[in-house]
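Fold and geometry: a report
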Amino acid sequence: MKLGARIIKTGIAIVLALYLSQLLELPSPVFAGIAAIFAIQPTIYRSYQSVLEQIQGNLVGAFIAVLFVLLFGNHIFIIGLAVIIVITINLKLKMQNTMTLAIVTVIAIMESQQENFLEFASIRFGTILLGIMSSFIVNLVFIPPKYETKFYSQISDTTEDILKWIRISTRHASEHTLLKKDIDRLKDKLLKLEQIYSMYKEERYYLKRDSLTKSRKLVVYRQMLVTARTALETLKRIHKFENEISLMPEEFQSSIQHQLDSLIHRHEQAILKYAGKIKTAYKEDLNDHCLSRIDILPFFFAQQEKLSEEHAEVSPRLVPLIAAIIEYDEQLEHLDLLINSFQSFHNNEISIPDESEE
């Protein structure tokens, strides 16, 4: 089992919160530890947002708790009513993420009704804030996230898997059931890549130059995702229309294979070129047997006429596949254009750090 950075950071945040509570001789350090669990976030930007939201949510919880104790006491039914009101207020203010910790604050403060209740409530509220700040410190200092490295590594691996299956499928060598399962797995991986992309997008830079570089990288990475998704859609349609493709003329099957081989090769080159693993000027042309996007449809209709009456209904079913190939070609062309543009402006900033450095 692999321990992720967030798991390790949560443990460190709890230790820090408990240690600081004991150092300050706070009476209930456990509440600081609980607060640290809820406040930990995967990115520094989200951590900053979480601190602001948690402070606001807990101020609401602390205010309602103190008000209810002073007016009505701390009977268990009064605590339940206070919790209901805090939940309602948090929902109205659209602070759902802070609701759980705000409830903990209410219960922690309303637990006891002493003569020096306001002092007791202040200490409990301060203890919870200490836990929140401990998580923020840990997010800033320990195991800073490298979402760019993770994104490039995973988009490369996912793209490689998709292209491998396309290459196998065009040669009718894929196992139908296994490919179907792998398509679902690849779809899930692309959804996770969307999340990693969002986290990288949230990272902030202090220098204007770094911010500009990142803005251009985001455009390239977004197109990498779009192109990988288009490649997966092409694979899904090859898999879906496997039987129909096998009934088409041999010339059509050979042409589709060459067309996709060329697209696959261009896709591999684009990914490697961005990382600086191949020369920018390098370009191996595999278009000798390939049609342009304009010529694909006329060629397809010409092949349609060669079908026997028995298989005449086959070709209309393949229109979605032809559309997917054309779309894949367009997205690849756009990706290559963006990478070339990025390299012309940031030639010394295209290297991707190794994932082992995280």
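Keep in mind that what you see is a predicted model, and the values were worked out from it rather than measured.

Thresholds, definitions, all that
Residues numbered from 1 in each chain as written. Predicted model: local features only at pLDDT ≥ 70, side-chain atom pairs only at ≥ 80, totals over all residues. Heavy atoms only, no water. Helix = DSSP H or I, 4+ residues; strand = E, 2+ residues; numbered from the N terminus. Contact = heavy atoms within 4.5 Å. Areas by Shrake-Rupley, 256 points an atom, 1.4 Å probe, with all protein chains shown as cover. Buried < 20%, exposed > 50% of the residue type's maximum accessible area, 1.4 Å probe, protein only. Axes fitted to C-alpha atoms, helices over the stretch in contact; angles between N-to-C directions. Parallel < 35°, antiparallel > 145°, perpendicular 65-115°, else oblique. Nonpolar A, V, L, I, M, F, W, Y, C, P; charged D, E, K, R; others polar. Salt bridge = Lys/Arg side-chain N within 4 Å of Asp/Glu carboxyl O. Polar contact = N/O pair within 3.5 Å; in protein donor to acceptor, adjacent residues only side chain to side chain. Core = buried A, V, L, I, M, F, W, Y, C linked by side-chain atoms within 4.5 Å. Phe/Tyr/Trp six-rings, centres within 6.5 Å; stacked < 30°, edge-to-face > 60°. Left-handed = near helix turned anticlockwise from the far one by under 90°.

Some remarks on the overall build of the protein chain
What the protein chain contains, in helices and strands, is 14 helices and zero strands. Reading the protein chain from its N end, one meets helices and strands in the order α-α-α-α-α-α-α-α-α-α-α-α-α-α. Partitioning the intrachain contacts of the protein chain with sequence separation of at least 6 by distance along the chain shows that 80% fall at a separation of at least 24. When the accessible surface of the protein chain is split by element, carbon and sulfur atoms take 59% of a total near 19,400 Å².

Describing the environment of Val220
Note that Val220 resides in helix α9 (residues 208-240). For Val220, a relative accessible area of 2% gives the class buried. Note: C-alpha distance between Val220 and Leu335 (115 residues apart in sequence) is 6.9 Å. Sequence-distant contacts of Val220, that is, excluding residues within four places in its chain, are made with Tyr274, Leu335, Leu338, Ile339 and Phe342.

Some remarks on the packing of helix α3 (residues 44-72) against helix α6 (residues 117-141)
At their nearest, the axes of α3 and α6 sit 10 Å apart, and the two run at 170 degrees to each other. By the criterion of interaxial angle, the relationship of α3 to α6 is roughly antiparallel. Residues Ile44, Ser47, Tyr48, Val51, Gln54, Ile55, Asn58, Leu59, Ala62, Val66, Val69 and Leu70 of α3 form the contact with α6, whose own contacting residues are Phe117, Leu118, Ala121, Phe125, Ile128, Leu129, Ile132, Met133, Ser135, Phe136, Asn139 and Leu140. Among the residues forming the contact of α3 with α6, the class breakdown is 19 nonpolar, five polar and no charged.

Structural notes on the pattern of salt bridges
The tally for this structure, following the rule as stated, stands at 13 salt bridges. The salt bridge partner of Arg171 is Asp261, with a shortest N-O separation of 2.7 Å. On the criterion of sequence distance, the pair formed by Arg171 in the loop between α7 (147-169) and α8 (176-202) and Asp261 in helix α11 (residues 250-274) is long-range, its members being 90 residues apart. Take Arg171: its relative accessible area is 38%, and that puts it in the partly exposed class. In this structure, the salt-bridge partner of Lys273 is Asp336, at a minimum N-O distance of 2.8 Å.

Remarks on the side chain of Asn58
Considering the arrangement of structural elements, one finds Asn58 in helix α3. A distance of 2.2 Å separates the side chain of Asn58 from the side chain of Thr105, its partner in a polar contact. The contact partners of Asn58, leaving out residues within four places of it in the chain, are Leu101, Ala102, Thr105, Phe125, Ile128 and Ile132.

A closer look at the side chain of His267
With respect to the secondary-structure elements, His267 resides in helix α11. Each residue touching His267, except ones within four places of it in the same chain, is listed here: Thr159, Leu163, Thr227, Ala228, Ala231, Tyr328, Leu332 and Leu335.

Re the nonpolar core
Ranked by size, the top nonpolar core spans 53 residues in total, and within it Ile166 and Leu235 carry the most contacts. Those elements giving two or more residues to this core turn out to be α7, α8, α9, α11, α12 (293-304) and α14 (319-345). Residues in contact with Ile166, not counting those within four places in the same chain, are Ala231, Leu235, Ile238, Leu260 and Ile264. Grouped together as the second largest cluster of nonpolar side chains are 20 residues, Ala62, Ala82, Phe117 and Phe120 included.

Some words on the packing of aromatic side chains
A full pass over the atoms with the stated rule returns eight aromatic pairs. With a centroid separation of 5.5 Å and an interplanar angle of 75 degrees, the aromatic rings of Tyr221 and Tyr274 are classed as edge-to-face. Of the two residues, Tyr221 sits in helix α9 while Tyr274 sits in helix α11, which places them 53 residues apart along the sequence. Tyr274 shares its class with Tyr221; the two are buried. On the numbers, 5.7 Å between centres and 45 degrees between planes, the contact of Tyr274 with Phe342 is tilted. Here the residue Tyr274 occupies a position in helix α11, and Phe342 occupies one in helix α14, the gap between them amounting to 68 residues. Accessibility assignment for this pair places Tyr274 and Phe342 in one class, buried.

Topic: the environment of Gln343
One can find Gln343 in helix α14. Considered as a pair, Gln343 and Tyr274 are 69 residues apart in the sequence and their alpha carbons are 7.7 Å apart.

Describing the packing of α11 against α14
Running from amino to carboxyl end, α11 crosses α14 at an angle of 25 degrees, the nearest separation of the two axes being 10 Å. By the criterion of interaxial angle, the relationship of α11 to α14 is roughly parallel. The crossing of α11 and α14 is left-handed. The residues of α14 that touch α11, namely those facing Phe252, Ile256, Gln259, Leu260, Leu263, Ile264, Arg266, His267, Ala270, Lys273 and Tyr274, are Ile322, Ile325, Tyr328, Asp329, Leu332, Glu333, Leu335, Asp336, Ile339, Asn340, Phe342 and Gln343. The residue inventory of the contact of α11 with α14, partitioned by class, reads 14 nonpolar, four polar and five charged.

Any functional reading would require information beyond the geometric quantities listed.
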